[in-house]
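# Report on the structure
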Number of protein chains: 2
Amino acid sequence: MSSTLLSRRDLTFLLHDWLDVTRLTERPRYAEHSRETFDAVLDLAERVATEHFAPHNRAADLHEPTVDGQRVRLIPEVKAALDVFAGTGLLASTLDESVGGLQLPHTVAAACFAWFQAANVATSAYPMLTLGNANLLLAYGSAEQVDTWVRPMVEGRYFGTMCLSEPHAGSSLADITTRAEPQDDGTYRLHGTKMWISGGDHELAENIVHLVLARIPGGPPGVKGISLFVVPKVLVDPDGTPAARNDVVLVGLNHKMGYRGTTNTLLSFGDGGHQPGGRPGAVGYLVGEPHQGLAQMFHMMNEARIGVGAGATALGYTGYLKSLAYARDRPQGRPLTAKDPATPQVPIASHPDVRRMLLAQKSYVEGALALVLYCGRLLDEQRTAPAPADRNRAGLLLDVLTPIVKSWPSQWCLAANDLAIQVLGGAGYTRDHDVEQHWRDNRLNPIHEGTHGIQALDLLGRKVTMRGGAGLAALAATIGATVGRARGAGGEAADLAGRLAAAMDRVTAVTRRLWDTGDPEVALANASLYLEAVGHVVIAWMWLEQLLAADAAAAARPDDELYAGKRQAARFFFRYELPRTGPQFDLLASLDRTTLEMRDSWF
Amino acid sequence: MSSTLLSRRDLTFLLHDWLDVTRLTERPRYAEHSRETFDAVLDLAERVATEHFAPHNRAADLHEPTVDGQRVRLIPEVKAALDVFAGTGLLASTLDESVGGLQLPHTVAAACFAWFQAANVATSAYPMLTLGNANLLLAYGSAEQVDTWVRPMVEGRYFGTMCLSEPHAGSSLADITTRAEPQDDGTYRLHGTKMWISGGDHELAENIVHLVLARIPGGPPGVKGISLFVVPKVLVDPDGTPAARNDVVLVGLNHKMGYRGTTNTLLSFGDGGHQPGGRPGAVGYLVGEPHQGLAQMFHMMNEARIGVGAGATALGYTGYLKSLAYARDRPQGRPLTAKDPATPQVPIASHPDVRRMLLAQKSYVEGALALVLYCGRLLDEQRTAPAPADRNRAGLLLDVLTPIVKSWPSQWCLAANDLAIQVLGGAGYTRDHDVEQHWRDNRLNPIHEGTHGIQALDLLGRKVTMRGGAGLAALAATIGATVGRARGAGGEAADLAGRLAAAMDRVTAVTRRLWDTGDPEVALANASLYLEAVGHVVIAWMWLEQLLAADAAAAARPDDELYAGKRQAARFFFRYELPRTGPQFDLLASLDRTTLEMRDSWF
């Protein structure tokens, strides 16, 4: 029986038939790899995710973390799974060999991580956060910081967090007030409260490495005065042995609707007033230069946001496969043509409305997975493409696609989970099946790492206008290249190419029209609609790409029904989904002021 | 401080400024009533809902029903609230005085019940189910059955259920197998298992009156051989005193994602084999004639489905008001024009994207509430309009609108709850706020009382084609009358009228095109899209009606900002929502076969 977490066949199609990842092994960074090592690591990810992560997915939901005095308690399966994960070395899959990494392409690593996210998004959050933390320190930390903090994280002994938000400062990071006082010994003492800190406290690891945004007194106001600090839960001696507990105190746990296996905490830094040496405050170590904290965080945000989109995709994907399995198994009702009640019931997968719900899910989750892997490929290009121009182009495209790869799966793979519940009907509404949990878990994704609205402002307010519109031009050129190939292929591909080209032309025209107003308030009023419409155009492009790849691959394996499925899902997306953008572009082009004119007293 | 359950001002507007319910008091059935009695009963509903239902909404979610041996345990607040409710007499608000009812118009009663649904949808489900049960027995039961079962239900001593589904027969009622063996004494003995029975067991009432669909051996197969039975949990002596326990056994509770305060059960009838008198089976009493069970159930389905739509609306409404209150209270970020980080933060309600999410919610929940009350008004017309033609017309319109009033709020007020979470951000994802629970609770509504897909088949496969299309023609004529009035009013109303007329023309044209195919499989393949598109047209109509009513009422109270809010929400719906139907109608008109051509092996 095939997995109901992800489809390995689809991953093979996307990685090899489409993205041709094996060609990356021609580059020095990946020279040690081959299709065989890629397959081996995917096998490993599937096996560990299936055997160690999936089995406690429901248990972690039913038994959320609790606080027993100062200690956070989780069900023991979480630590057991993470210990197995640490043994795989996968945490460091993309990192340099010099720090114990596997130097795996991001494209392949994203596919590996998707197995864990599909199996248990809450447990897999711990290594994802740790990896993000390690990446940041590798980019900006000193050699000593890498040795002290990154190596134990790579080994799975330490876990990491990101501490950005405060109770009064969520989306508005300009307003954080956590303070970092410089000390004579070059360290800092931090004072402040951090909110929504995932993985903020637990006993899963020997230590927790918090990366904390804070202000050094005297620095500039707003986001320009934010610096980044390493603040460990436990201080360590120069030789790495644990020393005193740092002044980082768990104030409380947040009780969430989903993602319940991931502790989410309110942390107090430096509130205890008891520090080794009698000095108050939590000991912190500056990362890089002062006042560069936000830029450092944002530099790493691309990967974190791809990670959120990948998690949303994985949840959508497993919900799709589970609802498909249910629909094939559950007899109910008869075809319209069978009027005799004595006719045997048929599986619900044969009812057109159920097929519509399955096909819609397929088009969302496979479209989203394609985008996630494509963005992984862009990370690889940005890092290893031989020509600097190609690296730049990849970076530019990645900048434009980041808000989309974060938001589109968060919206539409959540919609897929909604359809999965609907396919199961009453059964889908109960805890006897996984789909309701996936829906609850997935609901976090449009919120964390920058809400939908924040992504929309990022796309329309920054990414498509930056460098004189170079990002949008790069997107248009890249989509144009796909359109050109599809037109060359003729037939159905050419037909869909015409529709995609028209949609992309609308993106360009609407973007220009919005910014030609010279009025940012009007231009940005409907940024969320813009994000959604552009997202649908991008996924249509992903589907045209998949159609072309399927046609090419089918030449060698004409009987493989995977390709027929890809074609049908592409058709579905172009017929049922892409046309949704028409009214959205119309509204944007009308420079609608409905929300701007709405007064608070009218609600 | 105004309520965050519902808006009394909006109810006053809809009931009086728009639907002019006081005019109903000119009719004999409602002659004892007046605007004062209507207001008094609404006051009562608001007060009891606020004081007795809302306070334990979260507790009932956190502490779902459990089984202790054979006894179902709920938190005590549920029974306390229902005892207060019983004392209000509201259960029987619409019933005849002869059975202890208040003879309140359905329009007003729907508004009353909405308070309870907004406050605590799970606790209010018990009386809703009981009322549906009582209505069915009043319509089809014998005088003795009314005396024995309905009167104690009206008094709040007995509760009722509807037992339709079985483990292998959910949407497909043709396949139920529960068997009812006739006995010499005129009673029946039932054997079978019923699934998804809400309120199926508890100790909230002295008795539970199950209405059970079952087959009398020898009857026709399929839906034509289904009969309806009263099967009480506890048998009663002719004088009404409780006698032996009937052979109805709780097999288990379903554990749901939401609506957790409502017990949902798997019940076994006649499995115990121990009956008073030694005869096996659960004692049942036939309601009306044999083999009429499905018709009887369907006769009452209009009210049950309006009830589901009303519940979905109430959940959407309270989520909207709570997110509005939060957005006005929570400072975060600054206007685009304020570049200085020292500028004070503003409430998030002032950000255009948050206003968009609030306005969208307003347009969904107030549009849905208008439709719910309009359908209540149609029930009143059907029952009391002086002219038979008006009664027929109301019934016809109600038939067409029933799948829409059930489905549209279930889809879009759920979407409103999603937006309410998004307005609150991370806070909305925690149990510290109600909005996440509303979203979970509301997710049941597209499933129970006939799924979205079932409603779609009902609308396109039956309601718009019945009696030679008379239902659709009635809808078109009624919408046409609104369009005519709006055109007469000129200005903005006339503009919106033009768009509504064009959309309704598309409904008519698409319906004809679908059925002109002569191929039901193609016609019905996208029935769900048809339901959604027609639903949006109907809600646009509700908004044009509200706009006209607001304009008329504003003549007397020009400074009342309620009317400005109604106008802006109407604009929003016509600009942001109605255009969504364009691509849907295009797809339907294309007689798309994408889902029909999808093969199972292509998934």
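Residues numbered from 1 in each chain as written. Chains lettered and ligands numbered in written order. Predicted model: local features only at pLDDT ≥ 70, side-chain atom pairs only at ≥ 80, totals over all residues. Heavy atoms only, no water.

Per an unreviewed UniProt entry, chain A goes by the name Acyl-CoA dehydrogenase and belongs to Micromonospora costi. In UniProt, chain A has this text filed under Sequence similarities (unreviewed entry): "Belongs to the acyl-CoA dehydrogenase family." (UniProt positions renumbered as here; feature names shortened; annotations may be inferred.)

## Notes on the relation of the copies chain A and chain B
Mapping chain A onto chain B leaves a residual RMSD of 0.0 Å; the transformation is a rotation of 180° accompanied by 0.0 Å of translation along its axis. Each copy turns onto its partner about a two-fold axis. By C-alpha distance to the rotation axis, the residue of chain A lying nearest is A:R580, at 3.4 Å. (Least-squares fit on C-alpha atoms with pLDDT ≥ 70 in both.)

## Here we look at the UniProt feature "domain: Acetyl-CoA dehydrogenase-like C-terminal" (unreviewed entry) in chain A
With numbering aligned to this structure, UniProt lists the feature "domain: Acetyl-CoA dehydrogenase-like C-terminal" (unreviewed entry) at residues 476-598 of chain A. Within residues 476-598 of chain A, the helical portion is 85% and the strand portion 0%, while the C-alpha atoms at the span's ends are 35 Å from each other. (Helix = DSSP H or I, 4+ residues; strand = E, 2+ residues; numbered from the N terminus.)

## Things to note about the nonpolar core
In this structure, A:L401, A:L475, A:Y530, B:L190, B:L401, B:L475 and B:Y530 are the most contacted members of the largest nonpolar core, which totals 396 residues. In this structure B:Y530 touches B:L459, B:L460, B:V464, B:V507, B:V510, B:T511, B:L514 and B:L588, once residues within four positions along its chain are discounted. With 18 residues, the next largest nonpolar core counts A:Y188, A:V231, A:A282 and A:L286 among its residues. (Core = buried A, V, L, I, M, F, W, Y, C linked by side-chain atoms within 4.5 Å. Buried < 20%, exposed > 50% of the residue type's maximum accessible area, 1.4 Å probe, protein only. Contact = heavy atoms within 4.5 Å.)

## Some remarks on the interface of chain A and chain B
For an interface, size is often stated in terms of accessible area lost upon the parts coming together. Listed as interface residues are 87 residues of chain A and, on the opposing side, 87 residues of chain B. Interface area, chain A with chain B, both sides summed: about 7600 Å², of which 57% is carbon and sulfur. For the pair chain A and chain B, the number of links is 10 salt bridges. Notably, a salt bridge pairs A:R334 with B:D175, separated by 2.5 Å at the nearest N-O pair. Summed over the shared surface of chain A and chain B, the result is 56 residue pairs in polar contact (both at pLDDT 80 or more). Residue classes in the side of chain A that touches chain B are distributed as 37 nonpolar, 25 polar and 25 charged. (Buried area = accessible area lost by both parts, 1.4 Å probe. Salt bridge = Lys/Arg side-chain N within 4 Å of Asp/Glu carboxyl O. Polar contact = N/O pair within 3.5 Å; in protein donor to acceptor, adjacent residues only side chain to side chain. Nonpolar A, V, L, I, M, F, W, Y, C, P; charged D, E, K, R; others polar.)

## Describing the pattern of salt bridges
The full count for this structure, using the stated rule, is 88 salt bridges over all chains. Across the pair A:E577 and A:R580 runs a salt bridge, and its minimum N-O distance is 2.7 Å. The partner of B:E155 in a salt bridge is B:R157, with the nearest N and O atoms 2.9 Å apart. Exposure remark for B:E155: the relative accessible area of 46% places this residue in the partly exposed category. On the basis of relative accessible area, B:R157 is assigned to the partly exposed category, the value being 32%. Because the salt bridges share partners, they merge into one network encompassing A:D10, A:K362, A:E366 and A:K566.

## Quick notes on the side chain of B:N442
Residue and element names in this part refer to chain B. Its location among the elements puts N442 in helix α11 (residues 435-442). When its relative accessible area of 0% is taken as the criterion, N442 is described as buried. Here C413 takes part through its backbone oxygen, which lies 3.5 Å from a polar atom of the side chain of N442. Residues in contact with N442, not counting those within four places in the same chain, are A312, L315, G316, C413, L414 and N417.

## A short note on the pairing of strand β3 (residues 158-163) of chain B
Side chains on a regular strand alternate between the two faces of the sheet. All names here are of chain B. Among the 6 residues that make up β3, 6 are buried, leaving the element largely enclosed by the rest of the structure. Because side chains alternate across β3, one face comprises the buried residues Y158, G160 and M162, and the other comprises F159, T161 and C163, equally buried. Summarising the sheet, β3 and strand β6 (residues 207-215) pair through 6 bridges and their orientation is parallel. Looking across to β6, one finds that G160 is bridged to V209. (Pairing = 2+ DSSP bridges.)

## Digging into the packing of aromatic side chains
All told, the structure shown has 33 aromatic pairs over all chains when counted by the stated rule. An angle of 35° between the planes, with centres 6.0 Å apart, marks the rings of B:W149 and B:Y285 as tilted. Linking B:W149 in helix α7 (residues 143-154) with B:Y285 in strand β12 (residues 282-286), this pair joins segments that are 136 residues apart in sequence. Exposure remark for B:Y285: the relative accessible area of 22% places this residue in the partly exposed category. Linked through ring pairs, A:Y364, A:W408, A:W412 and A:F573 together constitute an aromatic cluster. If you follow A:R443 out to its NZ or CZ, it ends over the ring of B:W439, 5.9 Å from the centre. If you follow B:R462 out to its NZ or CZ, it ends over the ring of B:F298, 5.9 Å from the centre. (Phe/Tyr/Trp six-rings, centres within 6.5 Å; stacked < 30°, edge-to-face > 60°. Lys NZ or Arg CZ within 6 Å of the ring centre and 35° of its normal.)

## Some remarks on the packing of helix α8 (residues 293-329) of chain A against helix α10 (residues 388-424) of chain A
All names here are of chain A. For the pair α8 and α10, interaxial distance at closest approach is 8 Å and the crossing angle is 20°. Considered as vectors, α8 and α10 are oriented roughly parallel to each other. Regarding α8 and α10, the two cross each other, and that crossing is left-handed. In terms of residue class, the contact of α8 with α10 is made up of 13 nonpolar, 9 polar and 3 charged. (Axes fitted to C-alpha atoms, helices over the stretch in contact; angles between N-to-C directions. Parallel < 35°, antiparallel > 145°, perpendicular 65-115°, else oblique. Left-handed = near helix turned anticlockwise from the far one by under 90°.)

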